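Summary of structural features
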Amino acid sequence: DRRPRVHNILRCALDDCTLKTLMDGITNVRDKALLALYVASGLRLEEARQLNLTSISRHRRTMPDGSVRTLGTGEVRGKGGRSRNFLIDEGTLNLLLAYMRIRGTSKSAALFLSNRKVRLSRRSIQYILDRRCARLGLAHSHIHALRHTFAHQQVAHNMSALVLQELMGHTSFTVTQRYFSVRP
């Protein structure tokens, strides 16, 4: 007999203090924009890796109180080849714009480039997080933990499970419900 699997995704997410230390400790504009994108959007590693310069659009909305809010939106092809939309906040959008200003020109349409001006590989992206965590004295973490961090932040801000399911690209509602069953 096998014991049932326990899905403790809470331990996979970065806590607020660790996330702040990580983001405050990154000085490289590309790396900061890349990791902020994962936390702000909940994208999977490959979904963010496939983004091109034209993948994210900027939208301004006037709120009921008269304030203007700017969001970034885009579409990615996720697991199973399914398309889904994602959103990013204004702060992350500004980090991406700052990176794009210093990115330089390249024949590659890829948003995130290596020093050799080619699309970052999956290993390179994980290495960026590994290197930053090591330099800042943080525990080793995986890029996927940033996706869990996004989900936990949304749950903490009372996002509905159905909206979160859509943003995360989950086909099964059961997968999304795990984020709601383990509140800190």
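What comes next concerns the included structure. (Residues numbered from 1 in each chain as written. Predicted model: local features only at pLDDT ≥ 70, side-chain atom pairs only at ≥ 80, totals over all residues. Heavy atoms only, no water.)

Bringing the overall build of the protein into the picture now. In terms of helices and strands, the protein carries eight helices and three strands. Ordering the α and β elements of the protein from the N terminus gives α-α-α-β-β-β-α-α-α-α-α. A burial count over the protein gives 42% of its 184 residues as buried. (Helix = DSSP H or I, 4+ residues; strand = E, 2+ residues; numbered from the N terminus. Buried < 20%, exposed > 50% of the residue type's maximum accessible area, 1.4 Å probe, protein only.)

Under the definition given, this model contains one aromatic pair. Ring geometry for tyrosine 99 and phenylalanine 112: centres 5.4 Å apart, planes at 20°, overall stacked. You can see tyrosine 99 sitting in helix H4 (residues 90–103) and its partner phenylalanine 112 sitting in the loop between H4 and helix H5 (122–135), a full 13 residues away along the chain. Residue classification places tyrosine 99 among the buried positions, given a relative accessible area of 5%. (Phe/Tyr/Trp six-rings, centres within 6.5 Å; stacked < 30°, edge-to-face > 60°.)

Okay, the side chain of glutamate 47 next. Inspection of the secondary structure assignment puts glutamate 47 in helix H3 (residues 45–49). Polar contacts involving the side chain of glutamate 47 include one to the main-chain amide nitrogen of arginine 44, which spans 2.8 Å. Of note is the side chain of glutamate 47, whose polar atom sits 2.4 Å from the side chain of arginine 84. Once residues within four sequence positions are removed from consideration, glutamate 47 is found in contact with Val76, Arg77, Gly78, Lys79 and Arg84. (Polar contact = N/O pair within 3.5 Å; in protein donor to acceptor, adjacent residues only side chain to side chain. Contact = heavy atoms within 4.5 Å.)

Inspection of the secondary structure assignment puts valine 118 in the loop between H4 and H5. In this structure valine 118 comes out as partly exposed when scored by relative accessible area, which is 37%. For the pair formed by valine 118 and serine 108, sequence separation is 10 residues and the distance between their alpha carbons is 6.3 Å. Not counting chain neighbours up to four residues away, the residues in contact with valine 118 comprise Phe112 and Leu113.

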